[in-house]
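Chain by chain, the residues run as shown.
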Amino acid sequence: MRSHRRPRLLAPFLLVPLMAGCFASGGGEDSASGDGKDGDGARLRVALAFPPAENLSPYGADATLLSRLGVTEGLTALDANGSAAPALAESWRRDGDKVWEFTLRDAAFQDGGEVTPASVADALTHATDAEPAPAALAGVTLSAEASGDRVVRVTTTEPDPVLPLRLSSPSLAILSKDAYGDSGRVDPVGHATGPFELTKVNGAGSASLDRFDDYWGGRAQASGIDARFIADGTARANALRTGELDIAEAVPVAQAASLDEKTRRDTATTRTTSLLLNASSGTFMDAGLRAAARGALDTSVFAEDVYEGHADPAAGVYGPAVTWAEGKRTAPVGRTAAKKPGGAAIELATYDNRPELPEVAQVVKQQLEKAGFTVKLTVREYSRLEGDALDGKFDAFVLARNTLLDTGDPVAVLAGDYTCDGGFNIAQLCDKGVDRAVADAEKIADTAERQDAAMAAEARILGSDAVVPLVHQRVITGVADSVQGVILDPYERTLVGTGTRR
């Protein structure tokens, strides 16, 4: 198993039914509200569920925080159908199997410099040199160079048919040269390109952002953002209810009824909550015991009981927000017959940043104990749990995972989470059949054929019983009555943009 594992934010956030259009941070056509100083647009008060974990480095857990607050952006973005859409690059073309050329739009960095092919190539080079590598670059080696006044030429060592999707990842945001220090630390404060500029970060508690008036996508209607990082979901809901916040992400299901219906946005996401079973050590090395655990779980109870109807029953790795998946899904391949647990001891773990997960884990614990397992449950805050999970120190783990967060490519999450060298393989799965199926899918350029291959790989992964999908999440976002233009993104990459205001 690969020794360098990629931490990343699992948390987050919201959605709307899939519609045509782009979820990039630019956009919004309504006029400014005029209730700030000098008609400048009021500041937005926003609560996020996860605090910065890596000093706001774009290469790990904090990349999505930066993109959700409108600070950073990449060469491309994702549209509502999961396709690559223009961002800092206004167009691109493929030049042979291993080369892509991206034509830049006129844009500026928040420190006053121009976004040039040389600066973009420099930013991508820093990302490729990062240790560990960003999740979006798992299994990919690329180089970038300026080619003329407006073109960046990106070359991969192996053909990469989804490179434009890959470059939409929040972890491949483009920053100015002054963001990169000699120590390897990356500082996004004042060095990004988005509509809002970080001006102050108060540890893991809060951050201040001001509008970036020279943003290429137009001047934001809000004059800035006062962001708070509040891990307690009940506290986020209470702050919204009492008027202290304008936007509160990831409102707990238990708090949904306490919010006025007009302030509640219940939307389907590409996030699936699953039980991951450690296939490389401990009790669940035995495929027969993994099969017994899978057979012991009644997954029908999670959507209706634990999530009180704010979720959809599990169908597989990909849920209903991945609209093409259901019609292509096939039966699991290669399942082993279940063995009797006979009191086998396991440690089950999850995190409490998402308030529903400990309850999910309690139900899983009860069902496994009823089947004959002996279960110890561990619950911690996510940042205190991830390292142990990635190192295989638990037998089982309840995880909420956005399947399209890192690249927008359905194959990428399978490669990262379920292959022998996967950088986020909490299940510790190493199966030659799975690796072969994922590798076959990675080679395919045609969208429909790549989707078919992804589903064939999913069938082998589910057949290993190293992952048992439990529920496909919807996320409840609290939005004050006075607020308009919140971006409810199924890929959980954006939240506020130029049109978000109160």
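These notes cover the structure that comes with them.

1. Examining the nonpolar core
Ranked by size, the top nonpolar core spans 144 residues in total, and within it Leu275, Phe397 and Leu414 carry the most contacts. Aside from chain neighbours lying at most four places away, what touches phenylalanine 397 is Ser274, Leu275, Leu276, Leu348, Ala349, Tyr351, Leu385, Ala389 and Ile426.

2. Side note on the packing of aromatic side chains
The description of an aromatic ring pair rests on the distance of the ring centres and on the angle between the ring planes. Throughout the structure, instances matching the rule amount to eight aromatic pairs. With centroids separated by 5.7 Å and ring planes inclined at 50 degrees, the aromatic side chains of tyrosine 318 and tryptophan 324 adopt a geometry described as tilted. Overall, the relative accessible area of 0% leaves tyrosine 318 in the buried class. Counting every residue linked through ring pairs, the aromatic cluster contains Phe50, Tyr351, Tyr382, Phe394 and Phe397. Above the ring of tryptophan 216, the side-chain terminus of arginine 105 is found at 4.0 Å from the ring centroid.

3. Some points on the packing of helix α11 (residues 432-442) against helix α12 (residues 447-463)
Angle between the axes and distance between the axes: these two values describe a pair of packed helices. The interhelical angle for the contact between α11 and α12, taken along N-to-C directions, is 170 degrees, at an axis separation of 8 Å. Accordingly, the angle class assigned to the pair α11 and α12 is roughly antiparallel. Contacts between α11 and α12 involve Gly433, Val434, Ala437, Val438, Ala441 and Glu442 from the first element and Arg450, Ala453, Ala454, Ala457, Arg460 and Ile461 from the second. Partitioning the contact of α11 with α12 into residue classes produces eight nonpolar, one polar and three charged.

4. Side note on the pattern of salt bridges
Across all of its chains, the model carries 28 salt bridges by this definition. When the shortest N-O distance is used, the salt bridge between arginine 153 and aspartate 95 registers 3.1 Å. Separated by 58 residues along the polypeptide, arginine 153 in strand β7 (residues 151-156) and aspartate 95 in the loop between β4 (89-94) and β5 (99-104) bring together distant segments of the chain. Relative accessible area serves as the criterion here: at 22%, arginine 153 is assigned to the partly exposed category. Note that aspartate 213 is salt-bridged to arginine 219, the shortest N-O span being 3.4 Å. Arginine 219 gets classed as partly exposed once you look at its relative accessible area, which sits at 48%. Through salt bridges with shared partners, a single network forms among Arg93, Asp95, Glu101 and Arg153.

5. Considering the state of the cysteines
Here the structure, examined in full by the defined rule, presents one disulfide. In this model cysteine 420 forms its disulfide with cysteine 430; the gap between the sulfur atoms is 2.0 Å. Because the sign of the S-S torsion sets the handedness, a value of about 100 degrees for the bond joining cysteine 420 and cysteine 430 places this disulfide among the right-handed ones. Of this pair, cysteine 420 sits in the loop between α10 (410-418) and α11 while cysteine 430 sits in the loop between α10 and α11, and the two are 10 residues apart along the sequence. On the accessibility criterion, cysteine 430 (48% relative accessible area) is partly exposed.

6. Some words on the pairing of strand β10 (residues 224-229)
In the sheet, strand β1 (residues 44-48) pairs with β10 via five bridges, with the strands oriented parallel. Residue pairing across strands places valine 46 opposite alanine 227, the latter belonging to β10. As paired strands, strand β9 (residues 206-211) and β10 are joined by five bridges and run antiparallel to one another. Bridged to serine 206 within β10 is arginine 228.

7. Quick look at the side chain of glutamine 473
On the secondary structure map, glutamine 473 appears in strand β17 (residues 467-479). Taking relative accessible area as the criterion, glutamine 473 reaches 2% and is therefore assigned buried. Within the structure, the side chain of glutamine 473 is placed 2.6 Å from the side chain of threonine 273, a separation counted as a polar contact. Beyond its immediate stretch of four places on either side in the chain, glutamine 473 contacts Thr267, Ala268, Thr269, Arg271, Thr273, Tyr307, Ala311, Arg354 and Ala400.

8. Comments concerning the packing of α10 against α11
Contact geometry of α10 with α11 gives a least axis separation of 10 Å together with a crossing angle of 150 degrees. In terms of orientation, α10 and α11 fall into the roughly antiparallel class. Between α10 and α11 the crossing geometry is left-handed. Packed against α10, whose contacting residues are Val411, Leu414, Ala415 and Tyr418, the element α11 presents Val434, Asp435, Val438, Ala441 and Glu442 at the interface. The class makeup of the residues in the contact of α10 with α11 is seven nonpolar, no polar and two charged.

9. Observations concerning the pairing of strand β6 (residues 142-147)
As paired strands, β6 and β7 are joined by six bridges and run antiparallel to one another. If you follow serine 147 over to β7, its bridge partner there is valine 151. The turn linking β6 back onto β7 is made up of three residues, and glycine 148 within it adopts a positive phi angle of 90 degrees.

Basis of the calculations
Residues numbered from 1 in each chain as written. Predicted model: local features only at pLDDT ≥ 70, side-chain atom pairs only at ≥ 80, totals over all residues. Heavy atoms only, no water. Core = buried A, V, L, I, M, F, W, Y, C linked by side-chain atoms within 4.5 Å. Buried < 20%, exposed > 50% of the residue type's maximum accessible area, 1.4 Å probe, protein only. Contact = heavy atoms within 4.5 Å. Phe/Tyr/Trp six-rings, centres within 6.5 Å; stacked < 30°, edge-to-face > 60°. Lys NZ or Arg CZ within 6 Å of the ring centre and 35° of its normal. Axes fitted to C-alpha atoms, helices over the stretch in contact; angles between N-to-C directions. Helix = DSSP H or I, 4+ residues; strand = E, 2+ residues; numbered from the N terminus. Parallel < 35°, antiparallel > 145°, perpendicular 65-115°, else oblique. Nonpolar A, V, L, I, M, F, W, Y, C, P; charged D, E, K, R; others polar. Salt bridge = Lys/Arg side-chain N within 4 Å of Asp/Glu carboxyl O. Disulfide = S-S within 2.5 Å. Pairing = 2+ DSSP bridges. Polar contact = N/O pair within 3.5 Å; in protein donor to acceptor, adjacent residues only side chain to side chain. Left-handed = near helix turned anticlockwise from the far one by under 90°.

Note that every value here comes from positions in space, so none of it alone points to a role or purpose.
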